[in-house]
Amino acid sequence: MDMQRSKVQVMGIDAGGTMTDTFFVREDGNFVVGKAQSNPADESLAIYNSSLDALSAWQLGVDDVYPELVTCVYSGTAMLNRVVQRKGLDVGLIVNKGFEQTHSMGRAIQSYLGYALEERLHLNTHRYDEPLVPYSRTRGVTERTDVQGRVVIPLREEEMRQATRELVEAGAKAIVIVLLQSHKNPASEKRARDVCREELKRLGLDLPVFASVDYYPSRKESHRTNTTILEAYAAEPSRQTLQKVSDRFRKHGARFDLRVMATHGGTISWKAKELARTIVSGPIGGVIGSRLLGEALGYENIACSDIGGTSFDMALITKGNFAIASDPDMARLVLSLPLVAMDSVGAGAGSFVRLDPYSGSLKLGPDSAGYRVGTCWPESGLDTVSVSDCHVVLGYLNPENFLGGAIKLDVERARQHIKAQIADPLGLSVEEAAAGVIELLDLSLHEYLRSNISAKGYNPTDFVCFSYGGAGPVHTYGYTEGLGFKDVVVPAWAAGFSAFGCACADFEYRYDKSVDIALAQDGDDTQRTEACAVIQAAWDELAAKVIEEFVNNGFKAEDVTLLPGYRMQYMGQLNDLEITSPIAKASSAADWQKITDAFEDTYARVYASSARSPELGFSVTGAIMRGLVVTQKPVLPEDPEAGPQPQASAHLGKRPFYRHKRWVDADVWQMEALQPGNHIVGPAVIESDSTTFVVPDGFETYLDKHRLFHLKECARG
């Protein structure tokens, strides 16, 4: 067949908590999506099974395709789960003497991260999570560098040697070094690192040593400490997982170097030094995919919404760009990582459903069934009701076609659990109880989406909403109803959309560095030139690191496109903005003017033109250097229009469907058999092997030439 002769070039992977999705792109831009149950014990096996599922559509196997792949991008949640569950490496920490408790204290903010406002107000609800490094494996050494970067008290090297020996005796498998103000002057911390390595060598040990200045030379000690610890605590063990994935690819003839989606939206090699940058990668892929899709369709403002088995993740794209947070928090830890600005809530299709023992009200999550789906899967070993159990009971999901029939679901088993745990205690029928759970989840997501858009000063009517993730299409109608989006788009490949986003991402490394530049609006040309010299020196230092990473991956320096950037704010402000530099080099007063003009243009877009305050002066807080190598991207399909009436062969029959206190007969359609232009009015269920798109009474949808469904609320007559 002709399509078999078109080589497969790109693969994207989204290894989620519930499902593992794969996405393959041929050199002509066509693609297929695969899905398999996740396997926490062996991610490489889940990826293999998902690959088989995807490639079966082209009548190909992994031995045919893996050897032709040019690139493969992985995203997953394993590293984040390792942090949340505190199952990382035993790390030793060396800090300035007198600051041994700083990591445990977490700036105090970590005691209430993720709490609702009412819980933040009351101290007795705050709690400190177990620190990544216990106090028993923390040592202090005498040294002090002041805020200007002057070494006031030199490093006591013998104390450093003793601290190293004590941490080894305490069982440390890696050593992290973080000294105050090392981002201003790295000399003491680099010497501490070298002394530590010398002592380990003398002891005949080969333990990794992580100095914060080598990884994250940025201000805010707690953020920098946590992030450097993550490199040792979670990234090193995750490297073993990625090694296993890479080895399985090699076993089937693959020749590419596995890449991983990074928090800033680019991709890096699994062998990269700063692997902690991949701590959260799955949801990022969806945002990258949304931006590419938006560019192709001419959408500038997009609300990205991703529902999987365990969480609902959302992000905003405005004027074609997403925001980057420089000091985000993740898993109740403050971090020094550039992170695509996202908001998440622990509610998804696998979330457990319980009655609160005190109030008698329904509670969803935050824990979930994960890959075990719910009590409706007899082999799950679960006895707590999940949202998926409610889907099955209400007729939303086909129990015979979950994962294409690979898993058979037991509707009666789910009914019994819902009856005993929810319906009977509330005095409701099983259907009423299950429908109540779905309505509660939809309402929660609806309010979460609305409030996040409004809180940033926007109106949903200015946005197109993209709904994706394995469970996105089941809930799209519920959480978008009444919000007034310009359009609501559900890709036919929604289940593998994050993997699609991974395949859209450039091969990109990024390094950041804190700098301190403050200049009044009327600063003279000499001051402006000096400010540019500081920025350029930082860019040169970061560019060398970026190019080194690419050279290690087999590229030449000339293959790399360098994109400098900076973080800037008006003097006296608390928050800065990330700006892509309008100039490649900074050396003159005129260059400084271009740098401030670019900042003011961005400030006006993010806030308002009237909010600009140049009279306060300008402050540069950080330098950024991105380097990228362009890779093959998926091409959106363009199928011929076939008219509004679907072919009779696409109709699979009818299925009882419960909503608004009544059963109705919903038309069931085969998603892959629908053609562009087809128009479907609810109640309907559109099924594929990997997801289910629910179109209830009062809604309609049509499929466009790019295989994107557009969901609309019917005009009420």
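Residues numbered from 1 in each chain as written. Predicted model: local features only at pLDDT ≥ 70, side-chain atom pairs only at ≥ 80, totals over all residues. Heavy atoms only, no water.

- As recorded by an unreviewed UniProt entry, the protein chain carries the name Acetone carboxylase beta subunit AcxA and is attributed to Azotobacter vinelandii.

### Overview of the pairing of strand S32 (residues 684–687)
Two faces make up the sheet, and in a regular strand the side chains alternate between them.
Then, number 1: Here S32 shows two buried faces, one formed by Ala684 and Ile686 and the other by Val685 and Glu687.
Then, number 2: In the sheet, S32 pairs with strand S33 (residues 692–695) via four bridges, with the strands oriented antiparallel. Counted as the bridge partner of glutamate 687 is threonine 692 from S33.
Then, number 3: Taking the residues that link successive antiparallel strands as the turn, the S32-S33 hairpin has four residues. (Buried < 20%, exposed > 50% of the residue type's maximum accessible area, 1.4 Å probe, protein only. Helix = DSSP H or I, 4+ residues; strand = E, 2+ residues; numbered from the N terminus. Pairing = 2+ DSSP bridges.)

### Overview of the sheet that holds strand S29 (residues 651–659)
Then, number 1: With mixed pairing, the four strands of this open sheet are ordered in space as S29-S30-S32-S33. Each edge of the sheet is formed by a strand with only one pairing partner; in this case those strands are S29 and S33. This sheet shows a mean twist of 25 degrees between the axes of neighbouring strands, independent of strand direction.
Then, number 2: Running over the sheet, helix H15 (residues 472–480) touches S29 and S33 and is turned about 25 degrees from S33. (Axes fitted to C-alpha atoms, helices over the stretch in contact; angles between N-to-C directions. Contact = heavy atoms within 4.5 Å.)

### Observations regarding unusual backbone geometry
Then, number 1: Unusually for a residue other than glycine, arginine 107 sits at a positive phi of about 60 degrees.
Then, number 2: You can see arginine 107 is positioned in the loop between helix H5 (102–105) and helix H6 (117–120).
Then, number 3: Judged by relative accessible area, which is 51%, arginine 107 ranks as exposed.
Then, number 4: The phi torsion at histidine 660 lies on the positive side, around 55 degrees, for a residue other than glycine.
Then, number 5: Along the chain, histidine 660 turns up in the loop between S29 and strand S30 (662–670).

### Remarks on the layout of surface pockets
Then, number 1: Within this model, the second largest pocket holds a volume of roughly 760 Å³.
Then, number 2: As for the second largest pocket, its lining consists of 24 residues, of which Phe31, Val32, Val33, Ala57 and Glu672 are closest to the centre.
Then, number 3: Looking at the lining of the second largest pocket element by element, the count peaks at four residues for strand S3 (residues 31–37).
Then, number 4: For the lining of the second largest pocket, the residue count by class is twelve nonpolar, six polar and six charged. (1 Å grid on protein atoms, 1.4 Å probe; cavity = no way out; pocket = protein on both sides within 12 Å on 5 of 7 lines; lining within 4 Å. Points joined across faces, edges and corners; volume = space filled by probe spheres on them. Nonpolar A, V, L, I, M, F, W, Y, C, P; charged D, E, K, R; others polar.)

### Brief notes about the pattern of salt bridges
Then, number 1: By the definition in use, this model includes 39 salt bridges.
Then, number 2: Taking the shortest distance from any N to any O, the salt bridge between lysine 184 and aspartate 516 comes out at 3.2 Å. Of this pair, lysine 184 sits in the loop between strand S9 (174–177) and helix H8 (187–202) while aspartate 516 sits in strand S25 (residues 507–519), and the two are 332 residues apart along the sequence.
Then, number 3: Using a relative accessible area of 45% as the deciding quantity, one classes aspartate 516 as partly exposed.
Then, number 4: Connected through shared salt-bridge partners, Glu157, Glu158, Arg161, Arg165, Arg191, Glu198, Glu199 and Arg202 make up one network. (Salt bridge = Lys/Arg side-chain N within 4 Å of Asp/Glu carboxyl O.)

### Description of the packing of helix H14 (residues 430–455) against H15
Then, number 1: Packing of H14 against H15 leaves a shortest axis separation of 8 Å and a crossing angle of 65 degrees. Read as a crossing pair, H14 and H15 show a hand that is right-handed. For the pair H14 and H15, the contacting residues are Ile438, Leu441, Asp442, Leu445, His446 and Leu449 in the first and His475, Tyr477, Gly478, Tyr479 and Thr480 in the second.
Then, number 2: Taken together, the residues that form the contact of H14 with H15 break down as six nonpolar, four polar and one charged. (Left-handed = near helix turned anticlockwise from the far one by under 90°.)

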